[in-house]
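Spelled out from the first residue to the last, the chains are:
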Amino acid sequence: MLGLIALALQACGQPAPETDRPVYRVAVAMLQHETCTFCPGGDTEISDWTRFHPVMQGDELLNSGSFVRGFVDRAQEYGDIELVPLSSPAGVFGGSSRSWNTRETFDHFVGQMLDELRAAGPVNGVYLALHGAMAVRDVPRPEAEMARRFREAVGPDVPIAATFDLHGNEDEEFLRWADFSLVTKRFPHYDAFLQGERAARALRLAMSGEYRPTAATRKPGVITPTVVQWTGESPARDIMERARRWEAREDDAYVSVFFGFPWSDVPDVGATVQVMTNDNQALADEIADDMNDFIWRQRETFAGGSFPGPGEAARLVAAAVDAGRVPVAVGDYSDRPGDATHILKAFEAAGIGRVLYATIADEPLLEQLTESGASAGDRFDRSLGGLTPSGGTPTRIRGTLAYFGEGFGYERIAAIEFGDGNLVIVTPAYEQVRTPGALRFGPVDPDRYDVFVVKSRVHFRRGFDETGYARTILVVDAPEPFIGTRHLDALPYENVDLDSLYPYGTPPGRR
C-alpha cells in the first residue's frame, strides 16, 4: 500500500512518505532501424516489424538490447526511478537491408507508445532507445519527429534523453525537442550498454534539477561509407578519442559524434557533432566548434580508402592460405541485400577450398526446399543468390544439404556442403555474422574451415579480428551496380545534395 501511495504522490517528483528521496517515473521506448532506402524489396510495413516477434511490452522491453539494458541497470541502481515501459517493436525482418518505412508504420508504433504514455499518467522523464538512421516516407527526420511528439505529450519541462548508433543521421532538429543524445563511440559497438547507463545518469541529473541542458550541434560537411568508420584505426579512432578527452576534461559535458549512414536518402545525412553541457552554452559551442573543425581536418583520410574486388581478393586469399596465414576472414562489405555471389564465384574460379560462406540470402530457395520436403543428407543441385541487380547472377551449387532447420532466429536456414570442403549457409534475408561462434550449429563446425566470407563491413572484426581469431583480414568491394560500397556518387539520391558534402563537393562556408 505504501508503494501505491508513494506512486500517487511522486508522479511529479514529490517526497515519498518516510523518506526525503523523490521517486521519478521514466517512460522507456525503443524504435531502431538502419534504413537502406536504396535496397530493393519495397517499403517496410507494420507486418515486417512483427513477422518474427510481436511488439515487446513490460519486462521484455526492459531486458532487450544493450542500450536499454544499460539504461535499466543504472536506473535500478539509483533506487528512486520507476520505469514505465511502452510497447516497442523488437526489430524488422531483413534489418538494414530493408527499404523505406511507410508513414503508416511510423505513425502506428509511435502512436501506440504515446497512447500508453498518456494512459500511464504523468512522468518525470523519457528515455528513447533509437538508432538515428531510420528513414520514413514523408517524414524527413524521423527521430526528431518522434522527440517532437513525445515533447508535445509530456510538456516543456520533462527531460528527454536518447541513445543512438554512431551511424545515425541527425542535425540540430533532434535537440530542439530532446535534451540529451548519447552516441556509441566504438564501431563495432562495444559501448552501447555504457551509453544506456550514461543516458540514465544524465536524465536523473536533469530530473533532480542538478543539470540544465544546453546544447550545440554542428555538421562538418563530410560524408563517408560505413566501411571506413571502423574505430580500430585512424582517423575514426582519433575523432572519437578527441570526444572522450573533452568529456574527461569538462565536468558533465556529453560529446556525441555521428559518422552517419549514407544509404538513407535523408536530408540530414553525413557526420554530425552534438554537445550537451550543464547550463554553459559557451562551452557547448566551444567543444562543438573544435570537434567540427577536427573532423574537417581529417576529411581526406577519413573519406578515402579503396578495397580489392573479388578477383584480386581471390589472389590475396590464395596467397594467405598458401603461406599458412589462416584463418582468413573476408568482409563482403558492399552487399546490403545479402544475395551477392561475386566472391563465391571468384573463389571457386581460383580453386580456393575449405571456405565457409556465411551467408547468402535466398528466401525463394528456402521455400522451394520446404515445399519439396528436403532434409539433411539430400543431394543438392540448385542455383542460389543473385536475386537483385547488385547481387550479380545466380550460381549453381552441386553438393549435399548438410543442414535444414532453424538458425539465426529464422524458422528455416540451409547449409550446403560442396566442392573442396566448402560450405554455404542460406538465410531468408541479409544476415551479418559477427563471430565464429554464430556459425557453430547442427553439424557445422567453424574450426574445419580456412576461410570465412561474411556479409559485413566492420562488425565481423569483433569476433574474427579483435579477438585474434583470424590471422588475415580482408575487406572486399564489389562490381557495380553499387548499393553498399564507398562509391556514394553512384547512388540515386533525391533528398541529398552531394555537391555540398566532401568528398563530392564543398560544404557551404568551407574552402
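In case you missed it, the structure is sitting above this.
The residue numbers shown here count from 1 along each chain, following its written sequence. For a predicted model such as this one, the threshold for reporting local features is a pLDDT of at least 70, and the threshold for listing and counting side-chain atom pairs is 80 or more; totals across whole chains, interfaces and linings nevertheless cover every residue. Side-chain measures were taken over the full set of non-hydrogen atoms in the model, leaving aside hydrogen atoms and water.

Trainee: Looking at this structure, I do not really get the packing of aromatic side chains. What am I missing?
Mentor: The description of an aromatic ring pair rests on the distance of the ring centres and on the angle between the ring planes. The rule is short: rings of Phe, Tyr and Trp, with Trp giving its six-membered ring, pair when the centres are within 6.5 Å, and they are stacked under 30 degrees, edge-to-face over 60, tilted in between. With the rule as written, the count across this model stands at 21 aromatic pairs. The interplanar angle of 85 degrees and the centroid separation of 5.0 Å between the aromatic rings of Phe-164 and Phe-174 together place this pair among those described as edge-to-face. Here the residue Phe-164 occupies a position in strand β4 (residues 160-164), and Phe-174 occupies one in helix α7 (residues 172-177), the gap between them amounting to 10 residues. For the exposure calls, accessible area comes from a 1.4 Å probe over protein chains only, and a residue counts as buried if that area is under 20% of its type's maximum, exposed if over 50%, partly exposed in between. Among the residues examined, Phe-174 registers a relative accessible area of 0% and is labelled buried. Where Phe-408 meets Phe-441, the ring centres are 6.0 Å apart and the plane angle is 70 degrees; that geometry is what we call edge-to-face. Here Phe-441 lies in the loop between β14 (422-427) and β15 (451-454) and Phe-408 lies in the loop between β12 (395-407) and β13 (410-418), a separation of 33 residues in the sequence. Since its relative accessible area comes to 24%, Phe-408 is described here as partly exposed. Ring pairing ties together the aromatic residues Phe-52, Phe-93 and Tyr-410, which thus form one cluster. A positively charged side chain is recorded as over a ring if its NZ (Lys) or CZ (Arg) lies within 6 Å of the ring centre. The angle to the ring normal must also be within 35 degrees. A cation over an aromatic ring shows up here: Arg-51 above the ring of Phe-93, its NZ or CZ 3.8 Å from the ring centre. Stacked on the ring of Trp-230, the Lys or Arg Arg-461 has its end atom at 3.8 Å from the ring centre. Only DSSP runs of H or I covering at least 4 residues are called helices, and only runs of E covering at least 2 are called strands; the numbering of each starts at the N terminus.

Trainee: What is the right way to read unusual backbone geometry from this model?
Mentor: Note: most residues except glycine have negative phi, and most peptide bonds are trans. The step from Phe-187 to Pro-188 runs through a cis peptide bond, and the omega angle for that step is 10 degrees. If you trace the backbone, Pro-188 turns up in the loop between β5 (180-183) and α8 (192-207). Between Ala-358 and the following residue, Thr-359, the backbone shows a cis peptide bond with an omega angle of 10 degrees. As for its placement among the helices and strands, Thr-359 is situated in strand β10 (residues 355-361). A positive phi is found at Asp-138, a non-glycine position, where the angle reads about 65 degrees. As for its position among the elements, Asp-138 is in the loop between β3 (125-130) and α6 (142-154). On the accessibility criterion, Asp-138 (69% relative accessible area) is exposed.

Trainee: How do you make sense of the pattern of salt bridges when you look at a structure like this?
Mentor: Two side chains bearing opposite charge may form a pair once their charged atoms approach each other closely. When a carboxyl oxygen of Asp or Glu lies within 4 Å of a side-chain nitrogen of Lys or Arg, that pair is called a salt bridge. Under the criterion given, the structure shown has 35 salt bridges. Between Arg-103 and Asp-107 there is a salt bridge, with its nearest N and O atoms 3.1 Å apart. Separated by four residues within a single helix, Arg-103 and Asp-107 lie in helix α5 (residues 103-120), roughly one turn from each other. You can call Arg-103 partly exposed: its relative accessible area is 35%.

Trainee: I tried to follow the side chain of Glu-34 on my own but got confused; where do I start?
Mentor: With respect to the helices, strands and loops of the structure, Glu-34 is situated in the loop between β1 (24-31) and α2 (46-49). Among buried charged residues, Glu-34 stands out as having no salt bridge; its nearest opposite-charge side chain is Arg-336, 4.2 Å away. In protein, a polar contact means a hydrogen-donor-capable atom and an acceptor-capable atom, both N or O and within 3.5 Å, with residues adjacent in sequence counting only if both atoms are side-chain atoms; elsewhere, any N or O pair within 3.5 Å suffices. A polar contact is formed between the side chain of Glu-34 and the side chain of His-131, at a distance of 3.3 Å. A polar contact of 3.4 Å, which involves the side chain of Glu-34, links it to the side chain of His-167. Any two residues having at least one pair of non-hydrogen atoms within 4.5 Å are treated as being in contact. Dropping the residues within four chain positions of it, Glu-34 is found in contact with Gly-95, Ser-96, His-131, Ala-133, His-167, Phe-261 and Arg-336. The positive count covers Lys and Arg only, the negative count covers Asp and Glu only, and His and the chain ends enter neither.

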